[in-house]
Amino acid sequence: MTATATPPGAPLDSRAQAAARARRLLLGQHVLLLIALILLGTYFTSRLDFFLTSQNVLTILRFSAVTFIVATGFTLVLIGGGLDLSIGSGMAVVGVTAGKLFQAGVPLVLAFVIGVVTGIVIGFVNGYIVTRFRINPLIATLAMLFVLLGVAFIITDGRSQQIRDDGFRFARENVGGVPVPVFFLIATAVLSVVLLHTTKAGRHLFAVGGNPDAARQAAMNVDRFRLGMYTVAGLYTGIAGVLLASDLGAVAPNSGRNWELYVATAVFLGGASLTGGRGSVIGTFVGVVFVRTLDNGLVQLAVRPQIVLITVGTAMILAVAFDQRPKGGFR
Amino acid sequence: MTAVVPESSTSPASGLQQRLRDLVFSGKLAWVTLGLVIVAEFVVFSIAAPRFLSTTNLLNTGRATAVLMIVATGATFGLISGALDISVGSVMALSGTIGTQIVIAGYPASLAILAAIGSGVGVGLVNGFVVVKLRVNPLVATLGMLGIAFGLAFVVDGGSGVAGNLRQTTDAAYGVMKNDLVGIPLPLIFAVLFAAAGWVLLSQTRFGLYAYAVGGNASAGRSVALPVDRLRMMYLVFSGACAATGGYVLSSMLGGSGAASVPGTLVLTVVTAVILGGVGLLGGTGSMGGTILGVIVLGVLENGMTLAGWPTFYQYVVEGLLLMLAVGLDAVRTGGYR
Amino acid sequence: MNDQAGPNGDGSNGAPLLQLRGISRSFGHVRAVHEVDVDLHRNEILGIVGDNGAGKSTLMKIIAGTVSPDSGRIVMNGEPVEIATAQDSRRLGIEMIYQDLALFDNLDVAANVFIGREPTRGLPRLLGFLERRRMHREAGALLERLNIQIGSTRLPVGVLSGGQRQMVAIARAVAFEENNNVLLMDEPSAALGATESATVTELIRDIRRDGLSIMIISHRIPEVLELADRVMVMKRGEHVATLDARGTSVEECVNLIVAGAPAATGQA
């Protein structure tokens, strides 16, 4: 395969490599997506007076926050060669756990902490099932989606309830004009970039997902990596679940519905791949903002939500189709 | 260059072990296991709920399971050919909604039914195009389609997006599935015939054989000049058509339906039934016999749990665990996810 | 079985069955095959040897129609032919056995032998009912004729040994013999143990006796010398030499493979 041994070609090669890198940078997915985002924003701005105000931008970011946090966990799992469809139900379980504990008189902070820990446990269980029982992650987490949905309903006896408490609803507050969830967004982004792109474990995760057999031959413990990555994703599910419950100000077992579709769309738009080994925090961020901007603009244009659903589904298919062109894709 | 494999590469012990495994998990023995599960369900539920064993209730169970059987038939072909089609629930919603709206608009029921099933063919064609031409993984393609078809159903419905938005019609021909034939619910009769036809199609025809071939080894299929892409497209179209047929039957039983008439958990039930029945996730294995048993296991379970007074959401948990168990067994057979 | 091949010789007499002239094919700037001429005589076994990347597989895929040449022409039975697709080559009676064998592990032996050409009745095309009993009967007879030992045609191919799989692939390639002329084999013994590889060699000899012309790619030079009538050596996409298998030695072949010309030092 790599048998091109043409000595005079060495400088040529590096020049070709530089050109390839430039091309990747120019045409790389999140750059293209960024251009698409700018075009989309321009269009909405031309149609809506209100669109490009700092308040609306902050609103978009605020709605992006929960999606981004859970999408980052999803991205980690994809990079490591896994998949997690249970995120929505997981968030619901986290939210109702925290809410029910708070209603039962558990101190607020403790309730939230237990909520986050619940998320971590869910992630660990996902990882354990996938690595220990060798169940395909698609099915394992699809099954978990329903198990957790059932659990959320069981905890709440199938009823939604408002929680009218300002402390519980901290995610609705602003600090210095900036919505609280945006701070969580920033913290998650920084943490994830550090985790994924600067630590050895993060870099190894790409190897584990890209070629698990090679990683095993290089004496990496693939299963332990995957267990870890699902657990970290569970942490993100926990944080997102608490934020979502706080933002809703309610115990709502149904609150996790359809998150898979939105999150998967954002993450695939951002350049992560279903076959593992690829993805980035920044790509996912742009993907999330793109989806939320689309959502925000369409709703303000009074487009019906079902059209938004159709648009999102189409966008995801096209994103993956575009992404897979150069590699040949599904065969 | 090539490592020379030592002679007599199968040590007797591992060969025996392998053979035992094959026996334990081979299709036929899995059928026996499923049969035993069904028997166990009957025993447990007839104790827990005295009404369970009555003829009326058993026929009701059949009526309630008919739609699942029809949709699972299509999913069996899809998954054997290597495509997990998770858009089936949305296709059902779309099909039922289109059919309902056409009757409400005053057109004959026959046209409504044709259009309803045609919508499934259309969705299948799009799924097939996306998978075969754009080379998108079928899971992602049908996940996108899940959103698209569901949204379209709401559009057709003219709906406010409110859950449970149900349009009724009194058209007798469209609502034919509400009736019984010689005391047996029509949907049950239809589903039995449908599954039987699916069985013959899968086990006796080229169409069925090639599903196994394409799902088992697509690149070998190309080497021996099978039209792999066209076949993949056909299985997705078939899956969509079956889902749409199921959607129509449901809609007919309800006397018309809206976008939100199909429970969101239906996809899970379909996938669970098919995988319980022995269809491997990676394609190439499985049978209609297994799928039928898987459907019965779940149909009886839902009915029995309801009769025994368990809330619906406990069923989510049990079904999710069953699915995991089914795939876990499959993983033991195939070595599983690595 | 069908003795249309005529003289059962070493291939030196009569016009060649298959002639390739000036065949070239590049992938990007890599010249996989460059200006190669090949003659395959009737009823001959032609071995092709060369290092990795010498162009052996590409050459075979060109004949099989799965790779199209950039330039050059192919003549069969004295007439120029066009081989653009795998179907074209099948129509000309050329069958290829790939290194991965292209078998369906989940299907039984009979289904593998007949795949794509199943006998059916009743409805047309895809909806035709498979005549399974006939498939098993005919597949069984074929295996018996070729002296292939496999317990039952109902076994899934996945449970067979490497040698048995290789033999099923060969049986499939020669099953529809009316029209068969050429069999191409890519590394038929690569993954086999010594005994199995001897059985496969025996089978290849048998089918040659039935009138086929065979081209074999192999890394195992002693095996090629034992089996083939002539040996063609390739290096970096070029045809270096063709040797009479009985008049050469393993050393000579290795030297040609390594150096591209006789008499040079080389390591395996």
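Keep in mind the model is a prediction, meaning the values are calculated, not measured. All residue numbers here refer to positions counted from 1 along the written sequence of the relevant chain. The naming scheme follows written order: chains are lettered A onward, ligands numbered 1 onward. Local features are withheld for residues below a pLDDT of 70 in this predicted model, meaning they are given only at 70 or higher, and side-chain atom pairs are given and counted only at 80 or more; totals for whole chains, interfaces and linings count all residues.

Once that is clear, we can look at the overall build of chain A. The helix count covers DSSP runs of H or I at least four residues long, the strand count covers runs of E at least two residues long, and both are numbered beginning at the N terminus. A tally of regular secondary structure across chain A gives 13 helices and four strands. Once C-beta atoms are placed from the backbone, each residue is buried if 20 or more other C-beta atoms lie within 10 Å of its own, exposed if 12 or fewer, and partly exposed for counts between those two. By residue count, 51% of the 331 residues in chain A fall in the buried class. Put simply, 81% of the contacts in chain A that link residues at least 6 apart link residues at least 24 apart. We call two residues in contact whenever the C-beta atoms placed from their backbones are within 7 Å.

With that settled, consider the environment of B:Ile275. With respect to the helices and strands, B:Ile275 occurs in helix H11 (residues 266-276). Each C-alpha atom, one on B:Ile275 and one on B:Leu322, is 9.8 Å from the other, the two residues being 47 residues apart in sequence.

This brings us to the packing of helix H4 (residues 88-104) of chain B against H11(B). Residues and elements named next belong to chain B. Geometry is summarised by axes, namely lines fitted to C-alpha atoms with helices restricted to the contacting stretch, and by angles between N-to-C directions that run from 0 to 180 degrees. Interaxial distance between H4 and H11 falls to 8 Å at its minimum, and their mutual angle equals 125 degrees. Accordingly, the angle class assigned to the pair H4 and H11 is oblique. Contacts between H4 and H11 involve Val88, Gly89 and Met92 from the former and Leu266, Val267 and Val270 from the latter. Partitioned by chemical class, the residues of the contact of H4 with H11 number five nonpolar, one polar and no charged. If an angle is under 35 degrees, it is roughly parallel; if it is over 145, roughly antiparallel; if it lies from 65 to 115, roughly perpendicular; otherwise it is oblique. Under the convention adopted here, Pro, Cys and the residues Ala, Val, Leu, Ile, Met, Phe, Trp and Tyr are nonpolar, Asp, Glu, Lys and Arg are charged, and Gly plus all remaining residues are polar.

Turning our eyes to something else, we now look at the packing of helix H5 (residues 108-132) of chain A against helix H6 (residues 137-156) of chain A. Residue and element names in this part refer to chain A. The interhelical angle for the contact between H5 and H6, taken along N-to-C directions, is 140 degrees, at an axis separation of 10 Å. In terms of orientation, H5 and H6 fall into the oblique class. Classified by chirality, the crossing of H6 by H5 is right-handed. When H5 is examined against H6, the residues Ile122, Asn126, Ile129 and Val130 are found in contact with a partner set consisting of Pro137, Ala140, Thr141, Met144 and Leu148. Taken together, the residues of the contact of H5 with H6 sort by class into seven nonpolar, two polar and no charged. In this scheme the handedness of a crossing depends on how the near helix is turned from the far one: anticlockwise by less than a right angle means left-handed, clockwise means right-handed.

The next point concerns the interface of chain B and chain A. Listed per partner, the contact involves 43 residues of chain B and 43 residues of chain A. Among the elements of the structure, helix H5 (109-132), helix H6 (138-157), helix H9 (218-223), H11 and helix H13 (312-334) of chain B are those that each provide at least two residues to the side of chain B that touches chain A. Ranked by residue count, the leading element in the side of chain B that touches chain A is H6(B), at 14 residues.

All names here are of chain C. Spatially, the four strands line up as an open sheet ordered S2-S1-S4-S5, and their pairing is antiparallel. Two strands in the sheet have a free side with no partner beyond their single neighbour: strand S2 (30-40) and strand S5 (79-81). Here the average twist between neighbouring strands, direction ignored, is 30 degrees. A pair of strands is considered paired only if DSSP assigns at least 2 bridges between the two. Two elements, strand S1 (residues 18-27) and strand S4 (residues 71-76), share five bridges in a ladder whose sense is antiparallel. Pairing of Gln19 across the sheet is with Val75, part of S4.

All names here are of chain C. The pLDDT score gives, residue by residue, the confidence of the prediction method on a 0 to 100 scale. For chain C, per-residue confidence averages 82 on the pLDDT scale, and residues scoring 70 or more make up 91% of the total. Model confidence for chain C, summarised as mean pLDDT per element, is weakest for helix H8 (residues 250-259) at 80 and strongest for helix H3 (residues 109-114) at 93. Taken as a whole, residues 263-268 scores under 50 in pLDDT and shows nine contacts with residues more than four places along the chain or in a different chain. Scoring the predicted complex yields pTM 0.84 and, for the interface, ipTM 0.80.

This part covers the sheet that holds strand S10 (residues 213-217) of chain C. All names here are of chain C. Strand order in this open sheet of six strands is S6-S9-S10-S3-S11-S12, and the pairing throughout is mixed. Of all strands in the sheet, those with a lone pairing partner are strand S6 (94-97) and strand S12 (238-244), marking the two edges. This sheet shows a mean twist of 20 degrees between the axes of neighbouring strands, independent of strand direction. One ladder, built from six bridges, connects strand S11 (residues 230-235) with S12; its direction is antiparallel. The residue of S12 that forms the bridge with Met234 is His239. Relative to the sheet, helix H5 (residues 162-174) contacts S6 and strand S9 (182-186), its axis offset from that of S6 by approximately 170 degrees.

A word on the nonpolar core. Formed by 290 residues in total, the largest nonpolar core has its most connected members in A:Val70, B:Val71, B:Val270 and C:Leu184. Examining the composition of this core, we find that 16 residues originate from one element, helix H10 (residues 228-254) of chain B, more than from any other. If near-sequence neighbours (up to four positions away) are discounted, B:Val270 is found in contact with B:Leu68, B:Val71, B:Ala72, B:Ala75 and B:Val88. Take the buried Ala, Val, Leu, Ile, Met, Phe, Trp, Tyr and Cys residues, join any whose C-beta atoms are within 7 Å, and the set you get is a nonpolar core.

All names here are of chain C. The element S11 is extensively covered by neighbouring structure, given that six of its six residues are classed as buried. Alternating positions in S11 separate into two faces, Arg230, Met232 and Met234 on one and Val231, Val233 and Lys235 on the other, with burial throughout. Here strand S3 (residues 45-50) pairs with S11 via five bridges, running parallel. When the bridges of S11 are listed, Gly50 appears paired with Met234.

Counting along an α-helix, one turn takes 3.6 residues, and residues three or four places apart therefore face a common direction. Residues and elements named next belong to chain C. In this analysis, the expected span of each helix is defined as 1.5 Å times one less than the number of residues it contains. Here helix H4 (residues 132-145) is 14 residues long and its end C-alpha atoms lie 20 Å apart, about the 20 Å a rise of 1.5 Å per residue gives. For H4, the complete set of buried residues consists of Met135, Ala139, Leu142 and Leu143. Viewed along the axis of H4, the buried residues span an arc of 95 degrees, placing them on a single side of the element. Away from its buried face, by an angle of more than 90 degrees, H4 presents the exposed residues Arg133, Ala141 and Glu144. On its buried face, H4 is in contact with H3, strand S8 (129-130) and H5. Once H4 ends, the next one or two residues include Asn147, with phi positive near 60 degrees. As used here, the arc belongs to the directions running from the helix axis to the C-beta atoms.

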